[in-house]
Amino acid sequence: MKALAVFPRERKVELVDLPEPRPQCATDVLLRVREVGLCGTDKEISSFEYGVPPDGSDHLVLGHESLAEVVEVGSGVRTVKPGDLVVALVRRPCAHAECFPCRAGRSDFCITGDYVERGIKRADGFLTEYVVDDEHFLVPVPRPLADVAVLIEPLTVVAKANGQANAILDRLPYESGPQRGLVLGAGAVGLLGAMVSVASGLQTVVYSKGSESGDRANLVRSLGASFVSADTQSLDSLGPRLGQFDRVLEAVGVASVMLAAIGALSANGVAILTGVPAEGATAQIDAGRMLRNLVLRNQVVFGTVNAARKDYVSAIQQLEQFMTLFPDSVRRLITQRLPLAQAPQALRQGGGIKNVVRISPQHA
Ligand code: BGC
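Below or above, wherever it landed, is the structure these notes cover. Nothing here was measured: the structure is a model prediction, and the numbers come from that model.

## Concerning the overall build of the protein chain
And step 1. A count of helices and strands for the protein chain gives 11 helices and 19 strands.
And step 2. Rg of the C-alpha trace for the protein chain: 21 Å, near the compact-globule value of 21 Å for 364 residues, within the 12% margin.
And step 3. Going through the 364 residues of the protein chain one by one, you find that 52% of them count as buried.
And step 4. Counting only contacts in the protein chain whose residues sit at least 6 apart along the sequence, the fraction spanning at least 24 positions is 68%.
And step 5. The distance from the centre of the 37 positive side-chain charges to the centre of the 39 negative ones in the protein chain is 3 Å.

## Quick word on the sheet that holds strand 9 (residues 122-123)
And step 1. Overall, mixed pairing links the 3 strands, which are arranged 7-8-9 in an open sheet. At either end of the open sheet lies a strand with only one pairing partner, and these are strand 7 (91-92) and strand 9.

## Considerations on the packing of aromatic side chains
And step 1. Applying the stated rule across the entire model yields 1 aromatic pair.
And step 2. Plain terms: the ring middles of Phe322 and Phe326 are 5.7 Å apart, the flat faces sit at 40° to each other, and that makes the pair tilted.
And step 3. Positioned over the ring face of Tyr115 is Arg91, at 3.5 Å from the centre of the ring.
And step 4. Above the ring of Phe126, the side-chain terminus of Arg118 is found at 4.7 Å from the ring centroid.

## A few points about the site of the ligand
And step 1. Residues in close proximity to the ligand include Cys39, Thr41, Tyr50, His64, Val90, Arg91, Glu117, Ile120, Glu153, Val305 and Asn306, which together make up its full environment.
And step 2. When the free accessible area of the ligand is taken as 310 Å², the share hidden by the protein chains comes to 88%.
And step 3. Residues that form the shell around the ligand fall into these classes: 5 nonpolar, 3 polar and 3 charged.

About the cut-offs
Residues numbered from 1 in each chain as written. Predicted model: local features only at pLDDT ≥ 70, side-chain atom pairs only at ≥ 80, totals over all residues. Heavy atoms only, no water. Helix = DSSP H or I, 4+ residues; strand = E, 2+ residues; numbered from the N terminus. Rg over C-alpha atoms; globule rule 2.2 N^0.38 Å. Buried < 20%, exposed > 50% of the residue type's maximum accessible area, 1.4 Å probe, protein only. Contact = heavy atoms within 4.5 Å. Lys, Arg positive; Asp, Glu negative; His and termini not counted. Charge placed at Lys NZ, Arg CZ, Asp CG, Glu CD. Pairing = 2+ DSSP bridges. Phe/Tyr/Trp six-rings, centres within 6.5 Å; stacked < 30°, edge-to-face > 60°. Lys NZ or Arg CZ within 6 Å of the ring centre and 35° of its normal. Near = heavy atom within 4 Å. Areas by Shrake-Rupley, 256 points an atom, 1.4 Å probe, with all protein chains shown as cover. Nonpolar A, V, L, I, M, F, W, Y, C, P; charged D, E, K, R; others polar.

This is the structure we're talking about:
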């Protein structure tokens, strides 16, 4: 079967032929991959800046935003059956006894850094025809979501972020008035974040590169949020122009934008950082002012990565809600569907909001 693999040492990305995998133990499930979304992480891995092949292998099969169909189940499998649609968790626990998060089933909070991520770090991903996975890492997807379910994995990142922000905001001992949300970045995570923000009743602004009349801006407005273009409004002008926000979601991964997320907070506000900036970025900031505000205005800033099973379950519920509130906007997040053979080119060129590789169209 065909698979898209990156060979970091040889610095090449190419289609390879691999043997079809077979279930090895009672809880294994054989999956036919249906669709895989491409994201910035895949782009970084295919530019050899990130990603680690499985131990002893010279290549890593890419792809972590999965949607697959169950083909065959081992004798001990209880939670899925042939024909079910599933999305697979990306991260798997490290092996260290002292890693309490991993031992507690929360590898998304792994403290050793020795976790494994399918398609990213030390485990092959889903850009291939068949994979085997343990049922414990599979989450069933309702059939009516099939055509947008490839968005579940990026939405889990937002679901985990939002769950934590809600827990922090629970500290406020009063009913809040109307809340304002700012989303920095209009990639898939930012736009899904904007959907969560609007669906939660926040008056929402999205700040991103791209023209005020472009597709992303139109999509943002179709949700009932407003779009402010970074092409015409500088980061510095954000505060004076837009005021302050109770909740800020950063989904860009550029250090200056992440600092601006903190600067945009209102009193008692929460800033959520999800982008991964390059190391070595320096910035001139009034650190005293930022830290003074954090203390005197009860602000919270936190970083968040990956997601647990419960976040997959919430993401599925949120996607169902979005499909009631703004189904066309959700569908418009998927810019194009392409065959596996065109994935290397799509990774090189980028463009669009979410490019999706369709692996088994006969089952779409
Ligand atoms: C994935 C996460 C992963 C993170 C860091 C993101 O693109 O969605 O699941 O934890 O990259 O590797």
